[in-house]
Protein chains: 2
Amino acid sequence: MSERIANAQLRGKVMSAQEAAEFINYGDKVGMSGFTGAGYPKVLPTAIAERAKEAHARGEDYAIDVFTGASTASDADGVLAEADAVNFRTPYQSDPVMRGKINSAQMKYADIHLSHLGMFVEQGFFGTMNAAIVEAVRITEDGAIVPSSAVGNNVEFLDAAEKIIIEVNSWQSRDLEGMHDIYRIPALPNRTPIPISSAGDRIGTTTIDIDPNKVVAVVETNAPDRNAPFKPADDISKQIAGNFLDFLEGEVAAGRLAYDQYVMQSGVGNVPNAVMTGLLDSKFENIQAYTEVIQDGMVDLIDAGKMTVASATSFSLSPQYAEKMNNEAARYRESIILRPQQISNHPEVIRRVGLIATNGMIEADMYGNINSTNVSGSRVMNGIGGSGDFTRNAFISSFISPSVAKDGAISAIVPFASHIDHTEHDVMVVITEYGYADLRGLAPRDRAKKLISIAHPDYRPQLEEYYERALQGKHLHTPHDLGTAFSFHLNLEKNGTMRLS
Amino acid sequence: MSERIANAQLRGKVMSAQEAAEFINYGDKVGMSGFTGAGYPKVLPTAIAERAKEAHARGEDYAIDVFTGASTASDADGVLAEADAVNFRTPYQSDPVMRGKINSAQMKYADIHLSHLGMFVEQGFFGTMNAAIVEAVRITEDGAIVPSSAVGNNVEFLDAAEKIIIEVNSWQSRDLEGMHDIYRIPALPNRTPIPISSAGDRIGTTTIDIDPNKVVAVVETNAPDRNAPFKPADDISKQIAGNFLDFLEGEVAAGRLAYDQYVMQSGVGNVPNAVMTGLLDSKFENIQAYTEVIQDGMVDLIDAGKMTVASATSFSLSPQYAEKMNNEAARYRESIILRPQQISNHPEVIRRVGLIATNGMIEADMYGNINSTNVSGSRVMNGIGGSGDFTRNAFISSFISPSVAKDGAISAIVPFASHIDHTEHDVMVVITEYGYADLRGLAPRDRAKKLISIAHPDYRPQLEEYYERALQGKHLHTPHDLGTAFSFHLNLEKNGTMRLS
């Protein structure tokens with residue numbers, strides 16, 4: 001048995017995944033660790049999926065409700081969805097099999113802000129949480145848990161659950177211990193200020209204390225996180241990154257930002273990584289990240305001495321960078337802090353540290369409403385994630401996207417967003433490879449001009465035609481022609497392209 | 001000269017409104033006091049409007065950009081709009097003349113969260129603020145300002161403006177002094193926690209210190225706020241209030257709320273006032289309000305011993321209650337606190353105190369997205385106000401509305417909201433006279449069923465038809481048929497009713 005299980009009582013609970021899965025009953029609400037493919041349980045999901053398949057083969061119902069930090073991986077969400085073992089899923093997912101089941105109405109998904117789910121569990125909005133399944137680097141002598149590569153909603157799930165199953169993963173570096181900062185906000189009505197004033201402040205403990213009597217099983221594992229390689233930045237990504245840096249330089253020139261005051265929040269993906277590569281050669285120094293995910297680009301910024309501290313709730317690294325992190329966690333924990341996602345994404349702290357939020361999008365409408373989640377209004381991709389948490393309370397909020405997708409068949413700027421996740425009141429800057437639209441303080445008609453100017457040139461005439469038609473209406477604060485507001489999307493559905501001619 | 005101007009230097013600046021208006025130049029950005037018809041400057045707007053009319057008569061351009069706390073009155077926004085003296089307005093307005101000019105594209109309006117505008121001014125998003133025009137109860141010996149019946153963005157405007165004009169209004173009770181709690185959040189990058197843990201905490205001073213050298217004019221006035229009578233609650237309002245109280249009782253039964261733990265936020269209007277009347281006879285005790293506006297119903301709750309403290313940024317009272325407040329301000333200031341709107345509406349404090357937010361709406365779509373601002377997508381009413389500030393960070397967020405408007409021609413539940421101010425991620429409960437739809441933790445398809453169930457019975461078949469049609473689509477996470485998503489609104493435009501048959 002691994003020396004990673006240092007508590008005698010919990011050593012007595014070690015068993016196989018199959019045995020542990022017997023504790024998970026039909027209809028249970030199960031809170032799992034895991035955030036952007038890091039720190040999720042590696043073997044229990046497969047064992048639960050097997051139980052489901054056996055039950056279904058016997059003609060019995062078996063499915064559970066799955067709560068996590070954010071996305072997991074094919075060996076968690078993927079196998080569970082494949083086995084039709086999930087009835088309800090929240091708050092974020094990105095597995096293709098699960099996405100398919102959600103969009104075909106074979107399972108249900110509730111898209112909840114990442115800062116909200118843990119709080120909702122604490123507030124009792126989901127009733128009894130039956131079980132928590134949480135990955136750990138190790139269990140301490142006192143029976144506390146050292147989380148692994150993501151903290152997510154582990155604290156809330158472990159506190160709320162009737163039963164706890166711990167997966168101790170020896171693939172995760174023991175040197176992650178000390179990187180975490182675990183802090184519980186007192187429950188209502190006794191909440192107090194969160195004493196973080198800058199990204200690097202540590203306010204809690206490095207382990208999660210639990211009630212050992214709730215632990216029903218400890219399972220040993222040795223398996224890697226889902227670490228997907230980043231693609232090298234293409235020309236479009238580089239142009240978007242360049243436009244974003246131009247915007248930052250403009251803020252410095254206007255006296256609203258200093259080269260040593262940039263606090264970064266960044267969504268996950270290749271364009272954000274291109275931004276970080278761009279920052280390596282920029283004048284910005286002493287960058288801080290107050291964000292939800294540590295990506296390759298941030299590790300590079302730390303290594304280059306450009307970033308002093310990165311606060312997040314999880315990693316999302318390429319295999320090569322994950323290996324580096326595993327080997328050098330002792331060094332990186334000097335400048336990386338992993339917090340519960342209720343803290344990493346908390347409106348109070350986000351507003352206080354004054355970060356610049358940068359997230360991707362599916363589409364923006366010409367008045368600055370953003371669709372982050374549902375393609376053509378109905379087909380959910382992954383979920384809103386933390387983009388709302390950061391956008392709503394940022395010093396400056398920005399959205400970045402190529403101006404077109406699918407070889408030009410889809411425009412990222414449309415007359416009316418087919419689903420709205422971020423409203424005109426919250427969106428400050430939108431950036432494509434054609435420039436940036438600074439919408440701050442503008443009335444809707446002035447926003448439309450700016451947003452059309454950064455659309456792909458092929459779509460600008462169509463957008464201008466819509467706008468001119470909308471201006472023929474009776475009420476012109478937010479000019480719209482509702483009869484053709486979704487003409488781009490309807491054309492896509494009918495003809496496979498948003499191009500109208 | 002009034003003994004209300006106790007500072008010698010500023011006594012030397014007393015002049016007429018006409019003289020003071022000479023300091024306001026064409027193109028100036030002017031920050032004015034005023035929130036929901038309280039505490040706005042009473043004479044400068046008319047004097048500025050006169051200047052504009054004279055300039056226009058001479059063939060000259062003259063218009064200014066007007067920033068306030070929220071809505072003012074016909075003798076402020078109204079006269080300015082009438083004279084075409086406003087180029088740009090933010091963050092909230094409700095004057096019919098101004099609304100008409102905005103919707104006919106004769107002036108521009110930016111609809112900004114009430115908690116954001118002061119911060120944006122501090123952050124330099126609007127560049128130089130040329131002037132602040134602020135109503136005061138009095139000027140102290142030290143040259144500090146005692147605000148009147150609203151604090152709004154006074155602090156931010158007075159700090160940022162190059163020139164200050166003070167209106168000292170002897171209509172306002174001197175006993176308002178002591179009711180205010182003025183606190184400045186340190187500027188970026190040195191922000192610190194706001195030390196409010198419950199609605200009644202006082203953390204600042206009772207006056208606003210200013211730079212007396214920036215004061216260019218002091219004008220004496222004696223004029224009432226715009227105090228509009230509330231209509232007595234009609235049957236529909238009483239039914240909605242009853243359903244809201246049923247929801248609260250359900251939360252108590254579920255163990256998520258105690259009778260002495262209700263922290264109230266309430267939008268302004270007759271339905272919210274009916275809710276407060278309902279609370280008078282309820283089991284709820286020791287109610288606290290952490291809200292933006294003190295209304296008649298809260299005064300009644302205080303008088304009845306049901307409400308222990310009300311924190312807000314302004315009053316919005318009927319004439320009778322305004323007179324009572326003026327006469328008894330010394331007593332009421334024991335239980336009423338007026339704060340800067342950046343504090344009354346701050347996400348940090350809102351989330352901490354765990355309030356239940358209750359706001360009106362124009363329409364909700366069947367998935368729980370809320371339109372608070374633009375009728376049929378284009379025609380702005382008043383603005384989002386503080387509804388986003390409170391909804392986004394509430395313990396529980398709720399929206400209340402009659403199920404139909406305009407004698408049944410308009411349904412408050414529609415397939416697709418024609419403008420979205422609050423997204424599916426933020427809206428927890430929607431209440432009409434037909435019941436409440438508790439959307440917490442539900443996937444979109446389950447939300448649709450609940451929302452259709454509280455629509456007016458005349459509209460339920462139409463909504464169900466739309467939903468069934470949407471279910472024929474290819475992607476069913478958020479079922480929509482974009483070709484008919486706005487059919488209700490298009491029918492209203494064409495036939496004067498949303499009824500399709």
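Residues numbered from 1 in each chain as written. Chains lettered and ligands numbered in written order. Predicted model: local features only at pLDDT ≥ 70, side-chain atom pairs only at ≥ 80, totals over all residues. Heavy atoms only, no water.

Condition: UniProt positions are given in the numbering used here, feature names are shortened, and annotations may be inferred rather than shown by experiment.
Per an unreviewed UniProt entry, chain A carries the name Succinyl-CoA:coenzyme A transferase and comes from Corynebacterium oculi. In UniProt, chain A has this text filed under Sequence similarities (unreviewed entry): "Belongs to the acetyl-CoA hydrolase/transferase family."

Focus on the sheet that holds strand β10 (residues 287–290) of chain B
Pairing between the strands of a sheet comes from backbone hydrogen bonds, and it takes one of two forms, parallel or antiparallel. All names here are of chain B. Cut-off, in case you're wondering: In this scheme, strands are said to pair when DSSP sees at least two bridges between them. Runs of H or I in DSSP of at least four residues are treated as helices and runs of E of at least two as strands, each being numbered from the N terminus. The axes used here are C-alpha line fits, helices contributing only the stretch in contact, and every angle between their N-to-C directions lies in the interval 0 to 180 degrees.
Spatially, β14-β12-β10-β9-β15-β20-β24-β25 is the arrangement adopted by the eight strands of the open sheet, whose pairing is mixed. Unpaired on one side and paired on the other, β14 (336–338) and β25 (435–438) mark the two borders of the sheet. Across this sheet, the average inter-strand angle for adjacent strands is 20 degrees, counted without regard to direction. Both strand β9 (residues 263–266) and strand β15 (residues 356–359) contribute to a ladder of three bridges, which runs parallel. Counted as the bridge partner of methionine 264 is isoleucine 356 from β15.

A few points about the sheet that holds strand β10 (residues 287–290) of chain A
All names here are of chain A. What counts, and what does not: What makes two residues a contact is simply this: any of their non-hydrogen atoms within 4.5 Å.
Strand order in the open sheet formed by eight strands is β14-β12-β10-β9-β15-β20-β24-β25, and the pairing between neighbours is mixed. One side of each edge strand has no neighbouring strand; the edge strands of this open sheet are β14 (336–338) and β25 (435–438). Averaged over all neighbouring strand pairs, the angle between strand axes comes to 20 degrees, with direction disregarded. Where strand β24 (residues 429–432) lies against β25, four bridges are found, and the strand directions are antiparallel. Opposite isoleucine 431, over in β25, you have tyrosine 436 as the bridge partner. In the packing of helix α10 (residues 296–303) onto the sheet, contacts are made with β9 (263–266), β10, β12 (307–312) and β14, and the angle to β12 comes to roughly 150 degrees.

Looking at the UniProt feature "domain: Acetyl-CoA hydrolase/transferase N-terminal" (unreviewed entry) in chain A
This chain's UniProt record puts "domain: Acetyl-CoA hydrolase/transferase N-terminal" (unreviewed entry) on residues 8–220 of chain A. Across residues 8–220 of chain A, helical content stands at 26% and strand content at 19%; the span's end C-alpha atoms are separated by 15 Å.

A few points about the relation of the copies chain B and chain A
Taken together, a rotation about one axis and a shift along it account for how the two chain copies relate. The condition is simple: Alignment of the copies relies on least squares applied to C-alpha atoms, considering only residues that score at least 70 for pLDDT in both.
When chain B is fitted to chain A, the residual RMSD is 0.0 Å, and the transformation amounts to a turn of 180 degrees plus an axial shift of 0.0 Å. Put plainly, the chains are arranged around a two-fold axis. When C-alpha positions in chain B are compared against the rotation axis, the closest is assigned to glutamate 348 of chain B, at 2.1 Å. The overlap is high: 100% of the interface residues of chain B also sit at the interface in chain A, so the same surface is used on both sides.

A word on the UniProt feature "domain: Acetyl-CoA hydrolase/transferase C-terminal" (unreviewed entry) in chain A
Here the UniProt feature "domain: Acetyl-CoA hydrolase/transferase C-terminal" (unreviewed entry) sits at residues 332–466 of chain A. End C-alpha atoms of residues 332–466 of chain A are separated by 52 Å, and the span's content is 27% helix alongside 26% strand.

Concerning the packing of helix α3 (residues 44–57) of chain B against helix α4 (residues 74–82) of chain B
All names here are of chain B. Applied cut-off: Angular relationships are summarised with four words: roughly parallel below 35 degrees, roughly antiparallel beyond 145, roughly perpendicular across 65 to 115, and oblique for the angles in between. Gly falls in the polar group here, along with every residue not listed as nonpolar (Ala, Val, Leu, Ile, Met, Phe, Trp, Tyr, Cys, Pro) or charged (Asp, Glu, Lys, Arg).
At their nearest, the axes of α3 and α4 sit 8 Å apart, and the two run at 10 degrees to each other. It follows from the interaxial angle that α3 and α4 lie roughly parallel. Only Asp75, Ala76, Val79 and Leu80 of α4 make contact with α3, whose side of the interface consists of Pro45, Thr46, Ile48 and Ala49. Looking at the contact of α3 with α4 residue by residue, the class counts come to six nonpolar, one polar and one charged.

Observations regarding the interface of chain B and chain A
The test is simple: In short, buried area is how much 1.4 Å probe accessible area vanishes from two parts on joining, totalled over both. Counted as salt bridges are all cases of a side-chain nitrogen of Lys or Arg within 4 Å of a carboxyl oxygen of Asp or Glu.
In this complex, chain B contributes 82 residues to the contact, which on the side of chain A involves 82 residues. Between chain B and chain A, a total of about 6800 Å² is buried, with carbon and sulfur atoms accounting for 56% of that surface. The largest per-residue losses of area from chain B upon contact with chain A belong to Arg351, Arg392 and His425 of chain B, which jointly make up 12% of the total buried on that side. Here chain B and chain A share six salt bridges between them.

Some words on the side chain of threonine 36 of chain B
Looking at where threonine 36 of chain B falls in the secondary structure, it is placed in the loop between β1 (29–32) and α3. Setting aside chain neighbours within four positions, we find threonine 36 of chain B in contact with Ala70, Ser71, Arg226, Val268, Val293, Ser314, Phe315 and Ser316 of chain B.

Here's the deal with the pairing of strand β2 (residues 64–67) of chain A
Residues and elements named next belong to chain A. Applied cut-off: Relative accessibility under 20% of the residue-type maximum defines a buried residue, over 50% an exposed one, and the middle range a partly exposed one, all with a 1.4 Å probe and only protein chains included. When the strands point away from the viewer, a crossover counts as right-handed if the path from the first strand over the helix to the second runs clockwise.
Taking every second residue as pointing to the same face, both faces of β2 are buried, with Ile64 and Val66 on one and Asp65 and Phe67 on the other. With three bridges connecting them, strand β1 (residues 29–32) and β2 associate as parallel partners. In the strand pairing of β2, glycine 31 is matched with phenylalanine 67. In the classification by handedness, the crossover that spans β1, the intervening helix α3 (residues 44–57) and the parallel β2 is right-handed. Where β2 lies against strand β3 (residues 86–90), four bridges are found, and the strand directions are parallel. Its bridge partner lying in β3, valine 66 is registered against arginine 89. The β-α-β motif built from β2, the intervening helix α4 (residues 74–82) and the parallel element β3 has right-handed crossover chirality.

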